[in-house]
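As a plain string of letters, each chain reads:
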Amino acid sequence: MENKTIPFRVNRDIVIDMLVPHGVFMPNLTSALCAQVGLKIIEPNATALDLGCGAGAVGIILAKNAQTKNPLFASDISPIAVQSAIFNFKKYDIQSDCRVSSLFDAWTGIKFDYIFDDISGISEDLVGISPWFADGVPCSSGPSGIDLSVRVIDQASNYLGKGGLIFPVLSLSNRREVIDKAEQS
């Protein structure tokens, strides 16, 4: 298994180095945008769930810069991703509760002030040509790219306290349908 240490840049002032093993989603502009939104809206001492955490990029930024309450909660469907997130959280001295989970399966009965969802939102038809999903990174977002986003929107109210759900809407999916679903919820 090849491990890469990469710089993850949120903006010109915030850059972290993190370990991203082979087979784990490489944080990208979408991840940086999720973190930027979080830095603007998250209230100090809020509880946060980094859903689809990958190597932990969004969670690290939030915990280091937005004073999230300990522990930071994080999950991913990939055991390798969760292991790398745990490693990266420890590197930055961030207390965490990391779990291998498909969407909210591991979080029954727990409420969060904010949920940051950086799971796949592109058409599965594009996965084979996208560098984001190289090396066996899991993606089950369906042909229109919205399956996971719609499931998160449908379930999020069961896990949200006072804050909100933050997620990207990509032009590489049926974004109108995702936006309509979010507006109905």
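Residues numbered from 1 in each chain as written. Predicted model: local features only at pLDDT ≥ 70, side-chain atom pairs only at ≥ 80, totals over all residues. Heavy atoms only, no water.

### Brief notes about the pattern of salt bridges
Opposite charge on two side chains permits them to pair, given that their charged atoms come into close proximity.
Here comes step 1: Throughout the structure, instances matching the rule amount to 2 salt bridges.
Here comes step 2: Across the salt bridge formed by Arg99 and Asp97, the nearest N and O atoms sit 3.0 Å from each other.
Here comes step 3: Among the residues examined, Arg99 registers a relative accessible area of 27% and is labelled partly exposed. (Salt bridge = Lys/Arg side-chain N within 4 Å of Asp/Glu carboxyl O. Buried < 20%, exposed > 50% of the residue type's maximum accessible area, 1.4 Å probe, protein only.)

### With respect to the confidence of the model for the protein chain
Here comes step 1: For the protein chain, per-residue confidence averages 84 on the pLDDT scale, and residues scoring 70 or more make up 78% of the total.
Here comes step 2: Of all secondary-structure elements in the protein chain, the lowest mean pLDDT belongs to helix α4 (residues 124–127), at 62, while strand β5 (residues 96–100) reaches the highest, 97. (pLDDT = per-residue confidence, 0-100. Helix = DSSP H or I, 4+ residues; strand = E, 2+ residues; numbered from the N terminus.)

### Notes on unusual backbone geometry
Here comes step 1: The step from Asn70 to Pro71 runs through a cis peptide bond, and the omega angle for that step is -5 degrees.
Here comes step 2: As for its position among the elements, Pro71 is in the loop between α2 (57–65) and β4 (72–76).
Here comes step 3: Within the chain, Asn45 stands out as a residue other than glycine whose phi angle is a positive 65 degrees.
Here comes step 4: Tracing the sequence through the fold places Asn45 in the loop between α1 (29–41) and β3 (48–51).
Here comes step 5: Its identity as a non-glycine residue notwithstanding, Leu103 has a phi of 50 degrees, on the positive side.
Here comes step 6: Within the fold, Leu103 resides in the loop between β5 and β6 (112–117).

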